Amino acid sequence: SYDVTQPPSVSVSPGQTAIITCSGDELGDKYVSWYRQKPGHSPILVMYQDNKRPSGIPERFSASNSGNTATLTISGTQVMDEADYYCQTWGSATLIVFGGGTKLTVL
Amino acid sequence: VQLVESGGLVVQPGGSLRLSCVVSGFTFDDFTMYWARQVPGKGLEWVSLISWDSNVIHTATSVKGRFTVSRDNSKDSLFLQMNSLTTEDTALYYCAKGPNSVSDCGGGSCYFESWGRGTQVTVSS
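Throughout, a residue's number is its position along its own chain's written sequence, starting from 1. Chain A is the first chain written and ligand 1 is the first ligand written, with later ones labelled in order. Since the coordinates come from a predicted model, pLDDT governs what is reported: local features require at least 70, and pairs of side-chain atoms require 80 or more to be given and counted, while whole-chain, interface and lining totals use all residues. Derived side-chain values reflect all non-hydrogen atoms in the structure, with water molecules and hydrogen atoms excluded from consideration.

A.B. asks: Describe the overall build of chain B, naming the residues involved and giving the relevant values.
C.D. replies: A run of H or I in DSSP counts as a helix once it spans at least four residues, and a run of E counts as a strand once it spans at least two, with each numbered from the N terminus. Regarding its fold elements, chain B presents zero helices and 11 strands. In chain B, the succession of α and β elements from N to C terminus is β-β-β-β-β-β-β-β-β-β-β. Radius of gyration means the value over C-alpha atoms here, while the globule rule gives 2.2 Å times the residue count to the 0.38 power. Relative to the compact-globule value of 14 Å for 125 residues, chain B shows a C-alpha radius of gyration of 14 Å, a close match. For chain B, the proportion of its 125 residues judged to be buried stands at 50%. Here, residues are in contact when the closest pair of their heavy atoms is within 4.5 Å. Taking all contacts inside chain B whose residues are at least 6 apart in sequence as the whole, residues at least 24 apart take part in 58%. Note that accessible areas follow from Shrake-Rupley with a 1.4 Å probe, and for residues the cover is restricted to the protein chains shown. For chain B, the accessible surface area stands at approximately 5,400 Å², while carbon and sulfur atoms represent 47% of it. Computing the positive centroid from 9 side-chain charges and the negative centroid from 11, chain B places the two 7 Å apart. Here the term buried applies to any residue with accessible area under 20% of the maximum for its type, exposed to any over 50%, and partly exposed to those in between, with areas from a 1.4 Å probe on protein chains only. Working convention for charge: Lys and Arg count positive, Asp and Glu count negative, and His plus the chain ends are omitted. All charge positions are set by atom: Lys at NZ, Arg at CZ, Asp at CG, Glu at CD.

A.B. asks: Which residues make up the sheet that holds strand S7 (residues 67–72) of chain B, and what are the values?
C.D. replies: Residue and element names in this part refer to chain B. For two strands to be treated as a pair, DSSP must find at least two bridges joining them. Spatially, S1-S3-S8-S7 is the arrangement adopted by the four strands of the open sheet, whose pairing is antiparallel. Pairing within the sheet leaves two strands with one partner each, and these edge strands are strand S1 (2–6) and S7. The sheet shows a mean angle of 15° between the axes of neighbouring strands, taken without regard to direction. Pairing between S7 and strand S8 (residues 77–82): six bridges, direction antiparallel. From the neighbouring strand, threonine 68 faces S8, where its bridge partner is glutamine 81. Between the N-to-C directions of two axes lies an angle of 0 to 180 degrees, each axis being a line fitted to C-alpha atoms and, for a helix, fitted only over the stretch in contact.

A.B. asks: A description of the pattern of salt bridges should follow, citing residues and the corresponding values.
C.D. replies: All names here are of chain B. In what follows, salt bridge is the name for a side-chain nitrogen of Lys or Arg lying within 4 Å of a carboxyl oxygen of Asp or Glu. Under the counting rule described, the total for this entry stands at five salt bridges over all chains. Its salt-bridge partner being glutamate 45, residue arginine 37 comes within 2.7 Å of it at the nearest N-O pair. What makes glutamate 45 partly exposed here is its relative accessible area of 30%. For aspartate 89, the salt bridge is made with arginine 66, and the minimal N-O distance between the two is 2.7 Å. Residue aspartate 89 is found in the loop between S8 and strand S9 (91–97), and its partner arginine 66 is found in the loop between strand S6 (57–59) and S7; the two are separated by 23 residues along the sequence. Three or more residues joined by partner-sharing salt bridges are found here, namely Arg37, Glu45, Arg66 and Asp89.

A.B. asks: An account of the pairing of strand S5 (residues 61–66) of chain A is needed here, citing residue identities and associated values.
C.D. replies: Residues and elements named next belong to chain A. Residues Phe61, Ala63 and Asn65 line the buried face of S5, whereas the alternating positions Ser62, Ser64 and Ser66 sit on a face that is not buried. Pairing geometry for S5 and strand S6 (residues 69–74), over six bridges, is antiparallel. Bridge pairing in S6 places alanine 63 opposite leucine 72. Counted between consecutive antiparallel strands, the loop separating S5 from S6 contains two residues, among which glycine 67 sits at a positive phi close to 60°.

If you want it as structure tokens, here you go:
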């Protein structure tokens, strides 16, 4: 089955740039989406089709996907961005695959 | 857009349960729909996909043969029939809306545009 790997945690100071990675074999050949989930809340879509932002998501969120790695970048990170972030793509045996999630800490 | 799940309960191993998701705020039969689940404190897991016309259905290997997704477009409702439940099925189950009627993941249309709040399923003796 196809697997994608995320770092368990990323820490950043307020105002700095947070970079969250998602790695998988030839991931750049697939579309990747990203979700943010705060404790006790449902996930929300923050990026789709590699680098597109849904309406309502701040411009400080951007993403890319190339080679074996997709990247979610949060510029000027704010305390409100602290959450778990999940990447998602598709495979063959398992049609839709989520990464294990990355806990973003802003301190 | 609103998605409201229901039907989660405490059930014994080997039991069955039917989850429902009633939607509003969009034209239900224009969209592919999904079920996903999350064990508390753990990550997200995709469970099932159903196309707008129910002609395309995909189910995760972990639940294949036990879980069946269906929909009733006349009632703006999505369902998940869960049989032969095990303790490993204990999770918060989410209903989610796709971005369009396309169910071709290779074309970039397999993602979860909106999510419900979830319904808790607990399998325990």
